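Per-entry structural report
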Amino acid sequence: MVLNEHRQVIAVADAAALAKTAADRLIARIAAAGERIAICLTGGSSPKLLYELLGNEPYRSRIPWHRVHWFIGDERFVPANDPLNNMAMARQCFLNHCAPLVNIHPVATDAADPDEAARRYEIELKAFFGTDRLEPGHPLFDLVLMGVGPDGHTASLFPDYPALTETGRWVVGVPMAAVAPLVPRVTLTLPVLASCHEMLFEVSGVDKRAILSRVLAGEQLPAARAHAVGETVWLVDRAAMPENFHG
Ligand code: 6PG
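Ranked by internal contacts, the top residues of the largest apolar core, which has 88 residues, are Leu 41, Tyr 51, Trp 70, Phe 94, Phe 141 and Trp 234. Setting aside its immediate chain neighbours within four residues, Tyr 51 contacts Leu 41, Thr 42, Met 89, Ala 90, Cys 93, Phe 94 and Leu 145.

In this structure the tally under the stated criterion is 14 salt bridges. Across the pair Glu 198 and Arg 29 runs a salt bridge, and its minimum N-O distance is 2.7 Å. Placement of Glu 198 in strand E9 (residues 198–203) and of Arg 29 in helix H1 (residues 15–32) is noted, with a sequence separation of 169 residues between them. The network of salt bridges with common partners includes Arg 25, Arg 29, Glu 198 and Glu 231.

Below, the discussion takes up the site of the ligand. Not every one of the 16 residues close to the ligand is listed here, only the nearest: Ser 45, Ser 46, Asp 74, Ala 155 and Lys 208. In this structure, Ala 155 approaches the ligand through a main-chain N or O atom, which is 2.6 Å from an oxygen atom. With respect to the ligand, the side chain of Arg 185 contributes an N or O atom lying 3.5 Å from an oxygen atom. Contact with the protein chains removes 89% of the 420 Å² of surface that the ligand exposes when unbound. Classifying every residue of the shell around the ligand gives two nonpolar, ten polar and four charged.

This brings us to helix H4 (residues 114–129). Each turn of an α-helix holds 3.6 residues, which means side chains three or four residues apart point in the same direction. Compared with the 22 Å implied by 1.5 Å per residue over 16 residues, the 22 Å span of H4 between its first and last C-alpha is a close match. Listing the buried residues of H4 in full gives Pro 114, Ala 117, Ala 118, Tyr 121, Glu 122, Leu 125, Phe 128 and Phe 129. The buried residues of H4 all sit within an arc of 135° when viewed along its axis, so they share a single face. With respect to the buried face of H4, the exposed residues turned more than 90 degrees away are Ile 123 and Ala 127. In this structure, the buried residues of H4 make contact with strand E3 (37–41), strand E4 (68–72), strand E7 (171–174) and strand E8 (185–188). Where H4 terminates, the next one or two residues include Gly 130, which has phi positive at roughly 70°.

Once that is clear, we can look at the environment of Pro 159. Among the structural elements, Pro 159 can be located in the loop between strand E6 (143–146) and E7. The class of Pro 159 is partly exposed, set by a relative accessible area of 23%. Put simply, Pro 159 and Ala 223 are 64 residues apart on the chain and 9.3 Å apart in space, counted from C-alpha to C-alpha. What Pro 159 contacts, discounting residues up to four positions off in sequence, is Asp 151, His 153, Leu 164 and Pro 222.

Aromatic rings in a pair are described by how distant their centres are and how their planes are angled relative to each other. With the rule as written, the count across this model stands at eleven aromatic pairs. Plain terms: the ring middles of Phe 71 and Phe 128 are 4.9 Å apart, the flat faces sit at 70° to each other, and that makes the pair edge-to-face. Of this pair, Phe 71 sits in strand E4 while Phe 128 sits in helix H4, placing them 57 residues apart in sequence. The exposure class assigned to Phe 71 is buried, which follows from its relative accessible area of 0%. By relative accessible area, Phe 128 is classed as buried at 13%. Consider the rings of Phe 71 and Phe 141, whose centres lie 5.7 Å apart with planes at 70°: the pair is edge-to-face. Here Phe 71 is found in strand E4, whereas its partner Phe 141 is found in the loop between H4 and E6, with 70 residues between them in sequence. In this structure, Phe 71 and Phe 141 share a single accessibility class: buried. Its end group placed over the ring of Phe 128, Arg 36 keeps NZ or CZ at 3.6 Å from the ring centre. The positively charged end of Lys 126 is found above the aromatic ring belonging to Trp 170, 5.2 Å away from the centroid.

Definitions and limits used
Residues numbered from 1 in each chain as written. Predicted model: local features only at pLDDT ≥ 70, side-chain atom pairs only at ≥ 80, totals over all residues. Heavy atoms only, no water. Core = buried A, V, L, I, M, F, W, Y, C linked by side-chain atoms within 4.5 Å. Buried < 20%, exposed > 50% of the residue type's maximum accessible area, 1.4 Å probe, protein only. Contact = heavy atoms within 4.5 Å. Salt bridge = Lys/Arg side-chain N within 4 Å of Asp/Glu carboxyl O. Helix = DSSP H or I, 4+ residues; strand = E, 2+ residues; numbered from the N terminus. Near = heavy atom within 4 Å. Polar contact = N/O pair within 3.5 Å; in protein donor to acceptor, adjacent residues only side chain to side chain. Areas by Shrake-Rupley, 256 points an atom, 1.4 Å probe, with all protein chains shown as cover. Nonpolar A, V, L, I, M, F, W, Y, C, P; charged D, E, K, R; others polar. Expected span 1.5 Å × (residues − 1). Arc of directions from axis to C-beta. Phe/Tyr/Trp six-rings, centres within 6.5 Å; stacked < 30°, edge-to-face > 60°. Lys NZ or Arg CZ within 6 Å of the ring centre and 35° of its normal.

By themselves, these figures tell us nothing about what the structure is for.
Structural data, given as structure tokens:
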């Protein structure tokens with residue numbers, strides 16, 4: 001179902017099919033990429049099945065681990081080994097046993113505060129990509145994974161929060177999340193998340209049906225405002241798909 005020439009909704013049967021479809025799209029993006037590949041991961045529970053697939057066959061041997069660099073679109077400002085830490089979940093699911101340590105780029109949650117962590121991550125991103133400019137013709141990331149929260153947030157960009165409309169900074173601190181886990185956050189901003197060949201949302205489960213209905217109806221929620229300079233894809237399983245949505 002195509003929403004427009006750069007946005008599409010792909011319906012899949014269930015969470016397992018969603019994870020496999022996402023893994024196949026990630027492999028395709030890697031195959032289409034240049035020598036050095038940048039993937040921006042997301043947190044929450046939705047990507048867990050995908051991450052476990054990537055760390056096991058047949059996907060594990062299809063990823064050129066030495067060429068792929070892994071970033072995180074937002075982070076809970078908790079210690080690196082805290083179960084709430086998004087990169088910790090990705091490390092546990094696949095990065096720790098697949099990716100070279102130098103290719104894993106976590107947010108420094110041992111910084112003094114979220115703003116300092118954001119400043120450090122922004123410096124790291126600009127140094128890695130060798131630019132401080134976002135150019136539509138030269139997206140930073142090959143793939144950006146995203147989710148949608150119960151309030152329509154994505155990454156840690158919450159409705160009506162200043163971070164949502166930030167256009168100068170690449171990474172900002174969020175003093176307190178609007179939904180659980182109620183901890184401070186660090187988040188990439190919309191323009192830098194948009195700087196990608198593909199933005200891929202994973203939306204699974206009946207609990208997502210209500211918020212997805214609002215996004216697909218065009219309500220300007222953060223998740224609806226997030227899109228790639230390249231292709232924006234919403235992977236939605238049957239449980240999450242609104243009954244009246246026909247694309
Ligand atoms: C986070 C995530 C967040 C997530 C949504 C959906 O730090 O929590 O980055 O944006 O994608 O909240 O979370 P679930 O996948 O757990 O529903």
